[in-house]
Amino acid sequence: MLAVGLMSGTSADGVTAVLVRVGRGLRVLRHRTFPFHPRERRRILSLATADARVLSEANFWIGERFAEAARRIMRGAPVTVIGSHGQTVWHEPGRHTLQLGEASVIAERTGVTVVADFRPRDIAAGGQGAPLVPYVDAYLFGGDSRVRALQNIGGIANVTIVGGKRTAFDTGPGNALIDEAVRIATRGRQEYDEDGRIAARGSVDEALVARLMGHPYFAKRPPKSTGRELFSRTFLLERCERMLRSRAEDAIATLTCFTARSIADAYRRFVRDRIDEVVVSGGGALNPVLMRHLREMLDPVPVRSLSAYGIDPMAKEAAAFALLAVEAVRGRLNTAAWATGARRGVVAGKIVPGRNFIRLLTGAAP
Ligand SMILES: Nc1ncnc2c1ncn2[C@@H]1O[C@H](COP(=O)(O)OP(=O)(O)O)[C@@H](O)[C@H]1O
Ligand SMILES: [Mg+2]
């Protein structure tokens, strides 16, 4: 069965689209990130304080951008179902959550059945509404007994531990602070530290790393989750504005080291089992300086990119939502209650019928 996954994370860098084959296992056939224009990105980030009219409008234009990403990744392939995470504009764990990117628009533009809005069902069942990817981590890696830390480094960084005592939580910032520092230092000319080039030129201020690690989030016991609201521009300006203005390369080197430290430190504090392997996904896997810090800090535990398992690190989360959609149209539970804290696993997602929907219902899809 072919499926498409669509995702835009906290970075709001763009819509990542994947085409996957789901059979025995999950194979990524194609993937691509369709970047948001910096103006669109700023519009998205401002939605947290927008009024109802602006939100309603955004739901439709973001839906169009997701639909366009879907069409461009499908290129006419016979896709059975599209799973769309949407763009989170608000998330209060366990209380309420809002993802935009109207699924009706995606279904109408593609003709394919769409499953979207996965988080609310888990909240309705008493869960945090996040994280949802651990279901997929267990699906992909749960088959053997090796203890793995599946570390995603998006805007925020989160880990799933499988193989030993299963657990999942946000370790803290991912690329969010690095990106924000790059934007400040380049006056918006650059959106991120491509291939860690800026960090590679700077030197790390260890005392500042230690001060940053003093933030109470890192000592808090899991389950825990965080967001861009905490590891924000304000966080950065309050702690290293002067350094950012005078020695930007050192500041970016220091933030890159701090991001790695917060991950390594979280394992030390909160993972009881001895970790056999760390598998990194998300855009952070493409930052060689961040990866080098992680390897040095976690030595001798091997730190690999998810690409070692044949899945591009940038494609993982989108591929996860493709799988969740496939499970949903098969009527299978697709949440991990052990990760979200829900009373039970549920079939998460709302279904918008496409042209193939009746065939899907009768099991004759695509
Ligand atoms: N070549 C690269 N070098 C360094 N960082 C990169 C590279 N490619 C992507 N990134 C980082 O990854 C981020 C996007 O990662 P992603 O996994 O899509 O996060 P999110 O899920 O928050 O959207 C970018 O904002 C950037 O910081
Ligand atoms: Mg992204």
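Here the structure is a predicted model, which is why all the values come from computation and not from measurement. (Residues numbered from 1 in each chain as written. Chains lettered and ligands numbered in written order. Predicted model: local features only at pLDDT ≥ 70, side-chain atom pairs only at ≥ 80, totals over all residues. Heavy atoms only, no water.)

**Things to note about the pattern of salt bridges**
Within this structure, the stated rule accounts for 25 salt bridges. Between Arg146 and Glu277 there is a salt bridge, with its nearest N and O atoms 4.0 Å apart. One end of the pair, Arg146, is in the loop between helix 5 (133-141) and strand 7 (148-153); the other, Glu277, is in strand 10 (residues 277-281), with 131 residues separating them in the sequence. You can call Arg146 partly exposed: its relative accessible area is 35%. Measuring nitrogen to oxygen at the nearest pair gives 3.1 Å for the salt bridge that ties Arg245 to Glu241. In this pair, Arg245 and Glu241 are both assigned in helix 9 (residues 233-246), 4 residues apart and thus about one turn of the helix distant. Its relative accessible area of 34% is what places Glu241 among the partly exposed residues. Salt bridges linked by common partners bring Asp144, Arg146, Arg148, Glu277 and Arg304 together as one network. (Salt bridge = Lys/Arg side-chain N within 4 Å of Asp/Glu carboxyl O. Helix = DSSP H or I, 4+ residues; strand = E, 2+ residues; numbered from the N terminus. Buried < 20%, exposed > 50% of the residue type's maximum accessible area, 1.4 Å probe, protein only.)

**Here we look at the sheet that holds strand 9 (residues 167-173)**
Pairing within the open sheet is mixed, and its 5 strands lie in the order 9-8-7-10-11. In this open sheet, the two strands that pair with only one neighbour each are strand 9 and strand 11 (303-305). Sheet twist, expressed as the mean angle between neighbouring strand axes with direction ignored, is 25°. Judged from the 3 bridges that link them, strand 10 and strand 11 form a sheet pairing that is parallel. For Val280, the partnering residue across the bridge sits in strand 11 and is Ser305. (Pairing = 2+ DSSP bridges. Axes fitted to C-alpha atoms, helices over the stretch in contact; angles between N-to-C directions.)

**Notes on the site of ligand 1**
Taken together, 17 residues lie near ligand 1, and Ser11, Asp13, Gly155, Asp179 and Asp195 sit nearest. Side-chain polar atom of Asp13 to an oxygen atom of ligand 1: 2.9 Å apart, as the coordinates give it. One nitrogen or oxygen atom from the main chain of Leu286 is found 3.4 Å from a nitrogen atom belonging to ligand 1. In isolation ligand 1 offers 580 Å² of accessible surface; the protein chains occlude 90% of this area. Among the residues forming the shell around ligand 1, the class breakdown is 3 nonpolar, 9 polar and 5 charged. Per-domain counts for the shell around ligand 1 show at least three residues from each of domain 1 (2-131 + 315-361) and domain 2 (135-310). (Near = heavy atom within 4 Å. Polar contact = N/O pair within 3.5 Å; in protein donor to acceptor, adjacent residues only side chain to side chain. Areas by Shrake-Rupley, 256 points an atom, 1.4 Å probe, with all protein chains shown as cover. Nonpolar A, V, L, I, M, F, W, Y, C, P; charged D, E, K, R; others polar. Domains from an automatic or database assignment.)

**Describing the environment of Val81**
Relative to the helices and strands, Val81 is located in strand 4 (residues 81-92). C-alpha separation for the pair Val81 and Ala325, spaced 244 residues apart in sequence, amounts to 6.8 Å.

**Notes on the environment of Ile184**
Within the fold, Ile184 resides in helix 6 (residues 176-185). By relative accessible area, Ile184 is classed as buried at 8%. Once the C-alpha coordinates of Ile184 and His96 are considered, the two residues, 88 residues apart in sequence, prove to be 32 Å apart. Setting aside residues up to four positions removed in sequence, Ile184 forms contacts with Arg233, Leu236, Leu237, Leu244 and Arg245. (Contact = heavy atoms within 4.5 Å.)

**Quick word on the packing of aromatic side chains**
Under the criterion given, the structure shown has 8 aromatic pairs. Summarising the aromatic geometry, the rings of Phe231 and Phe235 are spaced 5.2 Å apart at their centres and angled 65° between planes, so their arrangement reads as edge-to-face. Here Phe231 falls in the buried class, since its relative accessible area comes to 1%. For Phe235, a relative accessible area of 3% gives the class buried. Within the aromatic cluster, the residues linked to one another by ring pairs are Tyr217, Phe218, Phe231, Phe235 and Phe258. (Phe/Tyr/Trp six-rings, centres within 6.5 Å; stacked < 30°, edge-to-face > 60°.)

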